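Chains, contacts and geometry: an overview
Spelled out, the chains give:
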Amino acid sequence: MGVFSVSRHDGASAMAAMSNSTFLFTGDHHGVVCVWDIRSYCLVKSSSKPPRMAATWRAHIDSITCIEIIEQRNFLLTSCVDCCVRLWTLDGHYIGTFGQSHHWNINNSSTFEHPMVPYDVLTDPIDIPGCQTDLTSTPDVVTTDVEETGDDQEEGDLAVEEV
């Protein structure tokens, strides 16, 4: 068994794991999503260290209330206390916000908002360089820890295996 902090701040407000136990997605009270690589975490012995963080990004400006993984499409759905619901790729690329004026099509990646980030996240004082807040260590955009593994896939990639 392993116990670890999933946030630099207040802890998790939502979490979901892939059905094949490869990645754990957590959301915190500051709108940050973290992706944890749990493929081999604590399989042999207990650990007080966290698993490797595969990715992290700021999805909302307030507390994440729910995270749902749509494994058939490799999407992540997040919701916030402000009733905002957003769709992401599993590696944090922003697809869109439900109810936005610009329509997107999940079958056509050219309609996704990526590389843009949600406007409220972009303009939130926490994410503006030089702005003094108590959360200046909160990541703004996708951060991926990628290391060469010798395979076609890199270790930091969020590859979804068919179940």
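Per-chain numbering applies: the sequence of each chain, read as written, is numbered from 1 onward. Side-chain atom pairs in this predicted model are given and counted only at pLDDT of 80 or more, local residue features only at pLDDT of at least 70, and totals for whole chains, interfaces and linings cover all residues. The side-chain values count all of the structure's non-hydrogen atoms but skip hydrogen atoms and water molecules.

1. Re the overall build of the protein chain
Spelled out, the test is: Helix numbering and strand numbering both begin at the N terminus, where a helix is a DSSP run of H or I of at least 4 residues and a strand a DSSP run of E of at least 2. Residue exposure (1.4 Å probe, protein chains only): buried if accessible area is under 20% of the type maximum, exposed if over 50%, otherwise partly exposed. Residue contacts are defined here by distance: any two heavy atoms, one from each residue, within 4.5 Å place the two residues in contact.
Within the protein chain, the regular secondary structure consists of 1 helix and 9 strands. Start at the N end of the protein chain and walk to the C end: the helices and strands fall as β-β-β-β-β-β-β-β-α-β. Residue burial in the protein chain is summarised as follows: out of 163 residues, 41% are buried. Summarising the internal contacts of the protein chain: among those between residues at least 6 apart in sequence, 43% fall at separations of at least 24.

2. What to know about the nonpolar core
Note the cut-off: Here, nonpolar core means buried Ala, Val, Leu, Ile, Met, Phe, Trp, Tyr and Cys residues that are tied together by side-chain atoms lying within 4.5 Å of each other.
Judged by nonpolar contacts, the single largest core of 18 residues is most densely connected at Phe25, Val35, Trp57, Ile67, Ile69 and Leu76. Looking at this core, the elements with two or more residues in it are strand 1 (12-17), strand 2 (23-28), strand 3 (32-37), strand 4 (52-58) and strand 5 (64-70). Ignoring anything within four residues of it in the chain, the contact list for Ile69 reads Ala16, Ala17, Met18, Phe25, Phe75, Leu76 and Leu90. In this structure, Cys34, Trp36, Ile38 and Tyr41 belong to the second largest nonpolar core, which totals 6 residues.

3. Topic: the packing of aromatic side chains
Put simply, the rule is: Centre distance within 6.5 Å is the pairing criterion for rings of Phe, Tyr and Trp, where only the six-membered ring of Trp is used; planes under 30 degrees apart are then read as stacked, over 60 as edge-to-face, and the remainder as tilted.
Evaluated as defined, the whole model comprises 4 aromatic pairs. Measuring from centroid to centroid gives 5.8 Å for Trp57 and Trp88, while their planes differ by 45°, and the two rings are tilted. On the criterion of sequence distance, the pair formed by Trp57 in strand 4 and Trp88 in strand 7 (residues 85-89) is long-range, its members being 31 residues apart. Taking the relative accessible area as the measure of exposure, Trp57 reaches 1% and is therefore buried.

4. Overview of the sheet that holds strand 7
Defined as follows: In this scheme, strands are said to pair when DSSP sees at least two bridges between them. Note on geometry: axes are lines fitted to C-alpha atoms, helical ones only across the stretch in contact, with angles between N-to-C directions running from 0 to 180 degrees.
Strand order in the open sheet formed by 4 strands is 5-6-7-8, and the pairing between neighbours is antiparallel. Each of the sheet's edge strands pairs with one partner strand only, and the pair in question is strand 5 and strand 8 (94-97). Within the sheet, the average angular offset between the axes of one strand and its neighbour, ignoring direction, is 20°. Across 5 bridges, the pairing between strand 6 (residues 75-80) and strand 7 is antiparallel.

5. Considerations on the environment of Tyr94
As for its placement among the helices and strands, Tyr94 is situated in strand 8. For the pair formed by Tyr94 and Leu76, sequence separation is 18 residues and the distance between their alpha carbons is 9.7 Å. Here Tyr94 is in contact with Arg86, Leu87, Trp88, Gln100, Phe112, Glu113, His114, Met116, Val117 and Pro118, once residues within four sequence places are set aside.

6. Some details on the pairing of strand 2
Within strand 2, 6 of the 6 residues are buried, which leaves it mostly tucked inside the rest of the structure. Residues Phe23, Phe25 and Gly27 of strand 2 are buried on one face, and the alternating residues Leu24, Thr26 and Asp28, pointing to the opposite face, are buried as well. Summarising the sheet, strand 1 and strand 2 pair through 5 bridges and their orientation is antiparallel. Paired with Ala14 across the bridge in strand 2 is Gly27. What sits between strand 1 and strand 2 in their antiparallel hairpin is a turn of 5 residues, with Ser21 showing a positive phi close to 55°. Note: strand 2 against strand 3, 5 bridges, orientation antiparallel. By the bridge assignment for strand 3, Gly27 is matched with Val33. With antiparallel pairing between neighbouring strands as the criterion, strand 2 and strand 3 make up a hairpin whose turn holds 3 residues, including Gly31 at a positive phi of roughly 80°.

7. Details of a nonpolar patch on the surface
Rules: Patch membership requires over 30% relative accessible area and the absence of a salt bridge. Like charges are linked within 9 Å, and nonpolar side chains (Val, Leu, Ile, Met, Phe, Trp, Tyr) within 5 Å. Surface exposure here means Shrake-Rupley accessible area, sampled with a 1.4 Å probe, where a residue is shielded only by the protein chains that are shown. Put simply, a salt bridge is a Lys or Arg side-chain nitrogen that is within 4 Å of an Asp or Glu carboxyl oxygen.
A contiguous nonpolar surface patch, about 370 Å² in accessible area, is contributed by Met116, Tyr119 and Leu122. Note on placement: Tyr119 falls in helix 1 (residues 119-123).

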